[in-house]
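# Summary of structural features
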Amino acid sequence: GLVNKTDHKETTKMLVLEDEGPDESFPLVVCKEEFTPPGNRGNTLLQILPGDLMRVTSPLDVLMYHGFMEGRRTTRGWFPKKNVQIVEDPLISAEDEEVQLGPLPMPKVPQALLQRRFGQ
């Protein structure tokens, strides 16, 4: 939708790939080492604890990631790349189908079993 947003919103958009699109379209990372922002930086930096899941909205080749807590888009900020590990990168898995970590295809149920189960 083309809605006229305020200029402030546009400025933010230049800095970060703004979240257009579903959460799943952003790489998912998990915190492996706690990061607590120093004193007064808490508004731009995101405190993360081991096991926390975040979606990254910044490029992945930078030292500090920007993103939001999985399922809570309003809890967002910057955190160090070294404190997290990528769980899934939608761009990579889309290009390389062979390394799918998703569920394996279900084995086919023999036709005889199906017929017996549904009493045909």
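Basis of the calculations
Residues numbered from 1 in each chain as written. Predicted model: local features only at pLDDT ≥ 70, side-chain atom pairs only at ≥ 80, totals over all residues. Heavy atoms only, no water. Helix = DSSP H or I, 4+ residues; strand = E, 2+ residues; numbered from the N terminus. Buried < 20%, exposed > 50% of the residue type's maximum accessible area, 1.4 Å probe, protein only. Lys, Arg positive; Asp, Glu negative; His and termini not counted. Salt bridge = Lys/Arg side-chain N within 4 Å of Asp/Glu carboxyl O. Polar contact = N/O pair within 3.5 Å; in protein donor to acceptor, adjacent residues only side chain to side chain. Contact = heavy atoms within 4.5 Å. Pairing = 2+ DSSP bridges. Axes fitted to C-alpha atoms, helices over the stretch in contact; angles between N-to-C directions. pLDDT = per-residue confidence, 0-100. Phe/Tyr/Trp six-rings, centres within 6.5 Å; stacked < 30°, edge-to-face > 60°.

This part takes up the environment of serine 58. With respect to the secondary-structure elements, serine 58 resides in the loop between β2 (53–56) and β3 (64–69). A sequence separation of 20 residues divides serine 58 from tryptophan 78, and the C-alpha atoms of the two residues are 9.2 Å apart.

Here we come to the side chain of aspartate 52. Here aspartate 52 shows up in the loop between β1 (28–31) and β2. Buried aspartate 52, no salt bridge; nearest opposite-charge side chain is arginine 72, N-O distance 6.1 Å. A distance of 2.8 Å separates the side chain of aspartate 52 from the backbone nitrogen of leucine 49, its partner in a polar contact. In contact with aspartate 52, other than residues within four places in its own chain, are Val29, Val30, Cys31, Gln47 and Met69.

Let's shift gears to the environment of asparagine 43. Summarising the element assignment, asparagine 43 is placed in the loop between β1 and β2. With 32 residues separating them along the chain, asparagine 43 and threonine 75 place their C-alpha atoms 10.0 Å apart.

As a further point, take the sheet that holds β1. The antiparallel open sheet is built from five strands, whose spatial order is β4-β3-β2-β1-β5. Two strands lie at the open edges of the sheet, namely β4 (72–80) and β5 (84–88), each paired on one side alone. Going from strand to strand, the sheet's axes swing by 40° on average, the running direction of each strand aside. As judged from the six bridges shared by β3 and β4, these two strands associate in the antiparallel manner. Paired with glycine 67 across the two strands is glycine 77, which belongs to β4.

Moving on: the confidence of the model for the protein. The predicted model of the protein has a mean per-residue pLDDT of 77, with 61% of residues at 70 or higher. Overall, residues 6–17 carries pLDDT values under 50, and its contacts beyond four positions in sequence, including any with other chains, amount to 11 contacts.

Further remarks concern the packing of aromatic side chains. One pass over the full model with this rule turns up two aromatic pairs. Ring geometry for phenylalanine 26 versus phenylalanine 68: centroids 5.9 Å apart, planes at 85°, classification edge-to-face. Of this pair, phenylalanine 26 sits in the loop between α1 (7–15) and β1 while phenylalanine 68 sits in strand β3, and the two are 42 residues apart along the sequence. Since its relative accessible area comes to 7%, phenylalanine 26 is described here as buried. Judged by relative accessible area, phenylalanine 68 falls into the buried class, the value being 0%. For the ring pair tyrosine 65 and phenylalanine 79, a centre distance of 6.2 Å and an interplane angle of 90° mean the geometry is edge-to-face. Taken together, the residues span a long stretch of sequence, with tyrosine 65 in strand β3 and phenylalanine 79 in strand β4 at a distance of 14 residues. By relative accessible area, phenylalanine 79 is classed as buried at 0%.

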